[in-house]
Amino acid sequence: MGNYDEAKAVIDQFRIDGRLEKIKVNTQGHINSTFISTFDNNGVKTKYTHQKINRNVFKKPKEVMENILAVTNHIAQKVSDLDDRDRRVLTVVFTKDHKPFFIDENGDYWRTYIFIENVSTYDKIPSLNAAGNLGRGIGHFQKQLSDFDGGRLNITIPHFHDMNLRYRQLEEALKADVRGRAESVREELDFLFDNRERGCRIWNAFEDGTLPNRVTHNDTKMNNVLFDPVTDEAVCVIDLDTIMPGTILFDTGDMIRTACNTAEEDEKDVSKVSFDVQMYKALVGGYLEEAESFLTPLEKEWIKESGRTITQIMAVRFLTDYLAGDVYYNTAYPEHNIVRAHTQIALMKSMDEQWDNY
Ligand code: ADP
Ligand code: GN1
Ligand code: MG
């Protein structure tokens, strides 16, 4: 994580009017270091999000920002007639020398967005209404980008959802076993290796062209969507670092993984983790209202499988990071990654138990 003083010095590099009043740290994401500032400009308060882009994860931050500018400009045009257009899309704030990022003395890239106020984010979905709205929000986002040329996008993380690659990375971490943790996770490994072939199906069908190549967000977990706190309408999809060409099933999968879990991603008591079929129905129902018109029959048919597959890829990735010594995700305590892997495996098992009921 970056620290407060570091953030303060960086914020001064951006073109923001007024006096910096306070800075708060936001720890909701697992990747970047996020700070929220409040500025006072003659009594008018405005908030901003400042992020140090994780260079271990994003090797070419400039390319990440090129994607974000292209996509946010595209969406901004689509919402330009709405009264609340400022809440409907992320707005990048430029530096005093007109760049979309600032590079600090360590070579780290920082960016600033206008903070979208009066919204809620959830780590656990609060209601069937919110689930339906999340589905609508993701479907709508895909629709807004359906006429965006994916060929313009940089590949910010190559093979991000390639399950074959994720299993190879798990095998490498297991072989190296740098923290001597392998023995303690034999059962988890057995379960995941038993599911290997099934888990690779969606990626393989995307790669061989059976599934259409579309512009995808690739990280549609619930806390990357901002909700209206009164109506629970999904107002804005954020965290655009991984926008790349992909199959829309990556996005349906991650919204299912996060919104249909009765517990949070890092719940320590796995008996609290189960797959909520009612939430699934509300979520996918809302999603199809927006997306049905452009989906192929195969995409539609595999929505259910996509939830299982993305839950599986997260189990594999969390377990890999646990074995590798917690080098990828932000963690709050030493067991954090294995706790996360356990919830994902428990969720897969609960999906399987109820498979014929949804
Ligand atoms: P990470 O890549 O680390 O997940 P995110 O871009 O998702 O980082 O930001 C982390 C959190 O910060 C989000 O989950 C959200 O709560 C909050 N956030 C980020 N940007 C904004 C914004 N422009 N307006 C409101 N909240 C934001
Ligand atoms: C990361 O950045 P964040 O916290 O929204 C990760 C996703 C995972 C998610 C699991 C770039 O998302 O792929 O699904 O954690 N993002 C990246 O919570 O690896
Ligand atoms: Mg995020």
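Along each chain, the written sequence defines residue order, and numbers are assigned to residues from 1. Starting at A for chains and at 1 for ligands, labels are handed out in the order in which the entities are written. Side-chain atom pairs in this predicted model are given and counted only at pLDDT of 80 or more, local residue features only at pLDDT of at least 70, and totals for whole chains, interfaces and linings cover all residues. Note that the side-chain values use all heavy atoms of the structure and ignore hydrogens as well as water.

## Quick notes on the pattern of salt bridges
Phase 1: Salt bridge criterion: a side-chain nitrogen from Lys or Arg within 4 Å of a carboxyl oxygen from Asp or Glu. For the structure on display, the rule yields 27 salt bridges.
Phase 2: As a salt-bridge pair, Lys96 and Asp12 come within 3.6 Å of each other at their nearest N and O atoms. Residue Lys96 is found in the loop between β4 (92-93) and β5 (102-103), and its partner Asp12 is found in the loop between α1 (4-11) and β1 (19-26); the two are separated by 84 residues along the sequence.
Phase 3: The class of Lys96 is partly exposed, set by a relative accessible area of 47%.
Phase 4: One salt bridge connects Glu289 with Arg136, and the closest N-O pair in it is separated by 2.9 Å. Residue Glu289 is found in helix α9 (residues 277-291), and its partner Arg136 is found in helix α3 (residues 128-144); the two are separated by 153 residues along the sequence.
Phase 5: Three labels apply to residues, based on accessible area from a 1.4 Å probe with only protein chains included: buried if under 20% of the type maximum, exposed if over 50%, partly exposed otherwise in between. What makes Glu289 exposed here is its relative accessible area of 56%.
Phase 6: In the salt-bridge network here, residues are joined through shared partners; they are Asp84, Arg87, Arg88, Asp228 and Glu233. For the purposes of this entry, the term helix denotes a DSSP run of H or I that reaches at least four residues, the term strand denotes a run of E that reaches at least two, and both are numbered from the N terminus.

## As for the coordination of the magnesium ion (ligand 3)
The reference angle at a metal is 109.5 degrees if four donors form a tetrahedron and 90 or 180 degrees if six donors form an octahedron.
Phase 1: Any N, O or S atom lying within 2.8 Å of the metal counts as a donor, and for Na, K and Ca the limit rises to 3.2 Å; water is left out, so some sites can look incomplete. Ligation of the magnesium ion (ligand 3) by protein atoms is provided by Asn224 (OD1) and Asp239 (OD), these donors lying 2.2 Å from the ion. Within this pair, whereas Asn224 is found in the loop between β7 (214-216) and β8 (225-227), its partner Asp239 is found in the loop between β9 (234-237) and β10 (244-246), the two being separated by 15 residues in sequence.

## Quick notes on the pairing of strand β6 (residues 109-114)
Phase 1: The buried fraction of β6 is high, at 5 of 6 residues.
Phase 2: In this description, strands pair whenever DSSP reports at least two bridges between them. Bridge analysis of strand β3 (residues 44-52) against β6 gives 5 bridges, and the strand direction is antiparallel. Residue pairing for β6: Tyr48 is matched across the bridge by Ile114.
Phase 3: Note that β4 and β6 share 2 bridges and pair antiparallel. Bridge assignment links Val92 to a residue of β6, and that residue is Tyr113.
Phase 4: By the bridge criterion, 2 bridges tie β5 to β6 in an arrangement that is antiparallel. Paired with Ile103 across the two strands is Tyr109, which belongs to β6.
Phase 5: Connecting β5 to the next strand, β6, in antiparallel fashion are 5 residues, including Gly107 with a positive phi near 85 degrees.

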